[in-house]
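Analysis of the macromolecular model
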Amino acid sequence: MLHSDQDKGDGSLKYILSGDGAGDLFIINENTGDIQATKRLDREEKPVYILRAQAINRRTGRPVEPESEFIIKIHDINDNEPMFTKEVYNASIPEMSDVGTFVVQVTATDADDPTYGNSAKVVYSILQGQPYFSVESETGIIKTALLNMDRENREQYQVVIQAKDMGGQMGGLSGTTTVNITLTDVNDNPPRFPQSTYQFRAPESMPLDSPVGRIKANDADVDENAEIDYSITEGDGYDMFGITTDKDTQEGIITVKKALDFESKNLYILKVEATNTHVDPRFLYLGPFKDSATVRIQVEDVDEPPMFSRPAYIMEVKEDVPLNSVVGTVTAQDPDAAKNPVKYSVDRHTDMDRVFNINSGNGSIFTSKPLDRETLLWHNITVIAAEINNPKQSSRVPVFIKVLDVNDNAPEFAMFYETFVCENAKAEQLIQTLSAVDKDDSYNGHQFSFSLAPEAASSSNFTLQDNRDNTAGIFTRKTRYNRHETSTYFLPVVISDNDYPIQSSTETVTIRVCACDHRGKMLSCNAEALIHPTGLSTGALIAILLCIIILLVTVVLFAALRRQRKKEPLIISKEDIRDNIVSYNDEGGGEEDTQAFDIGTLRNPEAIDDNKLRRDIVPETLFLPRRTATARDNTDVRDFINQRLKENDTDPTAPPYDSLATYAYEGNGSVAESLSSLESVTTDGDQDYDYLSDWGPRFKKLADMYGSMDSDKDS
């Protein structure tokens, strides 16, 4: 209440209020000065209000006293419950954790005044989650309260925590929050096989690295704690089989490492062990983190193809062996217990020439054609062995046959020798060195001997000297040679080898006598060069002959062109000359001109004269013209073409090679006969063109042109 000493109670004064909340939260009675609150005040919104009050004269509005300021302070009451910072908390701890392990800390706040009473003093307690967890009342720290909590038994826990003010006393306000706690996995469980023995079957034909079966050990842990490594620790199939781990399914895959053979062994017993790859030392006390099981693998018998005794065969045979000689033998057997009989054959794709054959019963390979080492040294064939009862069961083996050499080729010159001797040569002069080659093979090296043939040894003008190093030299026997007497000598040389049997051949050396200078350089080997010193050489004669041939060809071509030019038409037209039509470029009278042209004038079969020659070229008399039957009136084009084709096929003057015959069919003739003036070249007299004027306006231009020509002649 506000009261002024100047207030006499006569109503002359008026009280006014200003400041925080004046007129809204706080009002004043202008007559009495009583101050009242209009709404409920909340300390948490505004704890202090500052107001100013004053008394003024109601009539003049002037203050009668100075303005008074006063402070209104709101006292707190417990009207706010504690609030957690999160509605839901999430936390995780490893399973098997010790008691008192920290999980998470929760926090709650109270909006009440912490300095006034216990309205803001918060105490924490656990409403749900015992006996697994506990919470510290003052700090809100949640800890484990039970030993050896196992994730495999229970993984998720939901804990409800309460925060209460007034120090937890009666009448205090409270709030709650939920804490979701997850137990994370640790490797506290070893792998365990669900059964102690596994059985699988595998056919003996199973390829290497093929899977035989899968086994799996169960592990209650997850992720890397459940990773398992499988191994074969012992058993009679330790080296026959292998095992790997499927990383996706954690299964052990048993595979074949070596080829199986039912006839050798049909049962294998293995011991397989499963071990955790990540072991936690803290839980080793729980036992070994591995397990083992027995695996029995039964090998099944299948029908197998025959097996050769070797993966490949190498044989040798001499090239001079007789036909049907045995080269070698291959052997194959059926590995099955039935021991089915086997037949042999040669894959003809590897022996297209059928040089070899094989005995289908015993596998012996023999020759069927002659061999030649110099043609082909190695023969690579394939032999097929198949079961007689089941030919589909077959196998192949390569056979390499080497042809051994025998001395069946005579030595021969290493090259063709054509040498010369000078006319002024001296006796015992070396003019050529010879060497030889032999197609046969020699392990110790070839040794050739050279000699003159018996018929030339005594009468020859040359001698031969064997150098004993597979070469020989030809020497002159006399001092001078005359090329005009003898221009060429043929010297037979016998070459022999030293192998068994000895092979020899006679080779001929051509020796020409040539003119040489004083230094022995060849000048000419032509015997006619001195007899006709002014004659021409062979090269010059060939050049002259070529010139004559070219000249003759030129003359023939020129004559052909002249002849072709005579056949050219006297009037050159843009159209095909065989049509015998001259283009005048004269336009018609249009659609209304119905009298300009009558098609009936072109259909007069009587107007065709078979004896007449073409008038647009100069006639030639090489062949007499053929007489053809006149086409019937209204004959269509197909009959016309068939008739001309038949005439051309039966024409004795037709060329003996394929040719193109072209015909132009315009109908059966015209009653007006030909309009061309070219026929005048075949007659001696002049033509009279006055009749063109009678043909109407369509031919006026043509009549004027030829009429002017006649007038020129008369003048």
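Residues numbered from 1 in each chain as written. Predicted model: local features only at pLDDT ≥ 70, side-chain atom pairs only at ≥ 80, totals over all residues. Heavy atoms only, no water.

An unreviewed UniProt entry lists the chain under the name Cadherin-6, with Chloebia gouldiae as the source organism. The heading Subcellular location (unreviewed entry) in the UniProt record of the chain holds the text "Cell membrane". Under Function (unreviewed entry), UniProt gives the following word-for-word description of the chain: "Cadherins are calcium-dependent cell adhesion proteins. They preferentially interact with themselves in a homophilic manner in connecting cells; cadherins may thus contribute to the sorting of heterogeneous cell types." (UniProt positions renumbered as here; feature names shortened; annotations may be inferred.)

With that settled, the discussion passes to the pattern of salt bridges. Using the criterion set out here, one finds 17 salt bridges in the structure. In this structure, Arg201 and Glu300 form a salt bridge, with 3.8 Å as the shortest nitrogen-oxygen distance. Placement of the pair is Arg201 in strand 15 (residues 197-203) and Glu300 in strand 21 (residues 290-300), with a sequence separation of 99 residues. Assessed through its relative accessible area of 32%, Glu300 is described here as partly exposed. One salt-bridge network, held together by shared partners, links Arg151, Glu152, Glu155 and Asp185. (Salt bridge = Lys/Arg side-chain N within 4 Å of Asp/Glu carboxyl O. Helix = DSSP H or I, 4+ residues; strand = E, 2+ residues; numbered from the N terminus. Buried < 20%, exposed > 50% of the residue type's maximum accessible area, 1.4 Å probe, protein only.)

Spatial ordering of the open sheet is given by 1-4-5, a layout of three strands whose pairing is antiparallel. A single partner strand is all that each edge strand has here, and the edge strands are strand 1 (13-19) and strand 5 (68-73). With direction set aside, neighbouring strand axes in the sheet form an average angle of 30 degrees. Sheet analysis places strand 1 next to strand 4 (residues 48-57), joined by seven bridges and oriented antiparallel. The residue bridging Ser18 from the neighbouring strand is Arg52, located in strand 4. (Pairing = 2+ DSSP bridges. Axes fitted to C-alpha atoms, helices over the stretch in contact; angles between N-to-C directions.)

Turning to the state of the cysteines, a few remarks are in order. In protein chemistry, a disulfide is the covalent bond that joins the sulfur atoms of two cysteines. What the rule picks out here adds up to two disulfides. Two residues, Cys422 and Cys516, share a disulfide whose sulfurs are 2.1 Å apart. Across the disulfide from Cys422 to Cys516, rotation about the S-S bond amounts to roughly -85 degrees, and the bridge is consequently left-handed. Here Cys516 lies in strand 38 (residues 504-516) and Cys422 lies in strand 32 (residues 418-422), a separation of 94 residues in the sequence. Exposure remark for Cys422: the relative accessible area of 9% places this residue in the buried category. Cys514 shares a disulfide with Cys525; S-S distance 1.6 Å. Between Cys514 and Cys525, the S-S dihedral sits near 95 degrees, and the bridge is therefore right-handed. Within this pair, whereas Cys514 is found in strand 38, its partner Cys525 is found in the loop between strand 39 (522-524) and helix 2 (528-531), the two being separated by 11 residues in sequence. (Disulfide = S-S within 2.5 Å.)

Now for the sheet that holds strand 21. Reading across the sheet, the four strands line up as 15-21-20-17 and stay open at both edges, with mixed pairing between neighbours. The open sheet has two edge strands, strand 15 and strand 17 (228-235), and neither has a second partner. Across the sheet, the mean angle separating the axes of adjacent strands is 30 degrees when strand polarity is ignored. Taken together, the seven bridges between strand 17 and strand 20 (residues 267-276) define a ladder with antiparallel strand orientation. Of the residues in strand 20, the one forming a bridge with Asp229 is Thr275.

Attention now goes to helix 4 (residues 637-649). Between its first and last C-alpha atoms helix 4 spans 18 Å; for 13 residues at 1.5 Å apiece the expected length is 18 Å, and the two agree. Listed as buried for helix 4 are Phe640, Arg644 and Glu647. Projected down its long axis, helix 4 carries its buried residues within an arc of 60 degrees, all on one side. Looking at helix 4, the residues exposed on the side facing more than 90 degrees away from the buried face are Arg638, Lys646 and Asp649. (Expected span 1.5 Å × (residues − 1). Arc of directions from axis to C-beta.)

What follows is about unusual backbone geometry. The phi angle of most residues is negative, glycine excepted, and most peptide bonds adopt the trans form. Following Gln130, the chain continues into Pro131 via a peptide bond in cis, with omega recorded as 5 degrees. In this structure, Arg354 takes a positive phi of about 55 degrees despite not being glycine. Summarising the element assignment, Arg354 is placed in the loop between strand 26 (342-346) and strand 27 (356-358). Under the relative-accessibility criterion, Arg354 is labelled partly exposed at 48%.

All right, on to the UniProt feature "transmembrane region" (unreviewed entry) in the chain then. The sites that carry the UniProt feature "transmembrane region" (unreviewed entry) are, in the present numbering, residues 540-561. With 100% helix and 0% strand, the stretch residues 540-561 has end C-alpha atoms that lie 32 Å from each other.

The next point concerns the nonpolar core. If you look at the biggest cluster of nonpolar residues, it comprises 25 residues, and the most contacted ones within it are Val212, Phe241, Val295 and Ile297. Elements supplying a minimum of two residues to this core: strand 15, strand 16 (211-215), strand 17, strand 18 (241-246), strand 19 (251-256), strand 20 and strand 21. In this structure Phe241 touches Val212, Ile232, Ile254, Thr255, Val256, Lys257, Leu260, Tyr268, Leu270 and Ile297, once residues within four positions along its chain are discounted. In this structure, Leu434, Phe448, Tyr489 and Val513 belong to the second largest nonpolar core, which totals 24 residues. (Core = buried A, V, L, I, M, F, W, Y, C linked by side-chain atoms within 4.5 Å. Contact = heavy atoms within 4.5 Å.)

Take the packing of aromatic side chains next. All chains considered together, the criterion is met by 11 aromatic pairs. Taking 6.1 Å as the distance between ring centres and 50 degrees as the angle between the ring planes, the aromatic pair formed by Phe84 and Tyr124 counts as tilted. Placement of the pair is Phe84 in strand 6 (residues 83-84) and Tyr124 in strand 10 (residues 123-128), with a sequence separation of 40 residues. Grouping residues by exposure puts Phe84 and Tyr124 together as buried. Both rings, one in Phe241 and one in Tyr268, keep their centres 5.3 Å apart while their planes meet at 75 degrees; by these two values the pair is edge-to-face. Note that Phe241 is positioned in strand 18 and Tyr268 in strand 20, a separation of 27 residues in sequence. Each member of the pair, Phe241 together with Tyr268, is buried. Chaining the aromatic ring pairs together yields one cluster made of Tyr132, Phe133 and Tyr157. Its end group placed over the ring of Tyr49, Lys46 keeps NZ or CZ at 5.7 Å from the ring centre. (Phe/Tyr/Trp six-rings, centres within 6.5 Å; stacked < 30°, edge-to-face > 60°. Lys NZ or Arg CZ within 6 Å of the ring centre and 35° of its normal.)

Attention now goes to the layout of surface pockets. Here the idea is plain: a probe the size of a water molecule rolls over the atoms and shows the empty space left. By volume, the second largest pocket amounts to about 160 Å³. Taken together, Asp405, Val406, Asn407, Asp440, Asp441, Ser442, Tyr443, Asn444, Gly445, Asn498, Asp499 and Tyr500 make up the lining of the second largest pocket. Considered class by class, the residues forming the lining of the second largest pocket number three nonpolar, five polar and four charged. (1 Å grid on protein atoms, 1.4 Å probe; cavity = no way out; pocket = protein on both sides within 12 Å on 5 of 7 lines; lining within 4 Å. Points joined across faces, edges and corners; volume = space filled by probe spheres on them. Nonpolar A, V, L, I, M, F, W, Y, C, P; charged D, E, K, R; others polar.)

Here strand 14 (residues 174-184) shows a clear split, with Gly175, Thr177, Val179, Ile181 and Leu183 buried on one side and none of Ser174, Thr176, Thr178, Asn180, Thr182 and Thr184 buried on the other. Pairing of strand 7 (residues 88-94) with strand 14, which is carried by seven bridges, proceeds in the parallel orientation. Among the inter-strand pairings, Ala91 is bridged to a residue of strand 14, identified as Ile181. By the bridge criterion, nine bridges tie strand 13 (residues 156-164) to strand 14 in an arrangement that is antiparallel. Pairing of Ile161 across the sheet is with Thr177, part of strand 14.

Confidence in the prediction of the chain, expressed as mean pLDDT, is 81, and 82% of residues score 70 or more. Model confidence for the chain, summarised as mean pLDDT per element, is weakest for helix 2 at 41 and strongest for strand 27 at 96. This model gives residues 570-581 a pLDDT under 50, and the stretch forms 16 contacts once residues within four places in sequence are excluded. This stretch, residues 597-633, has a pLDDT under 50; its non-local contacts, to residues over four places away or in other chains, come to 63 contacts. (pLDDT = per-residue confidence, 0-100.)

Side chains of Ile542, Leu545, Leu546, Ile549, Val553 and Leu557 sit close together on the surface and give an oily, nonpolar patch of about 560 Å² of accessible area. Mapped onto the fold, Val553 is located in helix 3 (residues 538-566). (Patch = residues over 30% accessible without salt bridge, like charges linked within 9 Å, V, L, I, M, F, W, Y side chains within 5 Å. Areas by Shrake-Rupley, 256 points an atom, 1.4 Å probe, with all protein chains shown as cover.)

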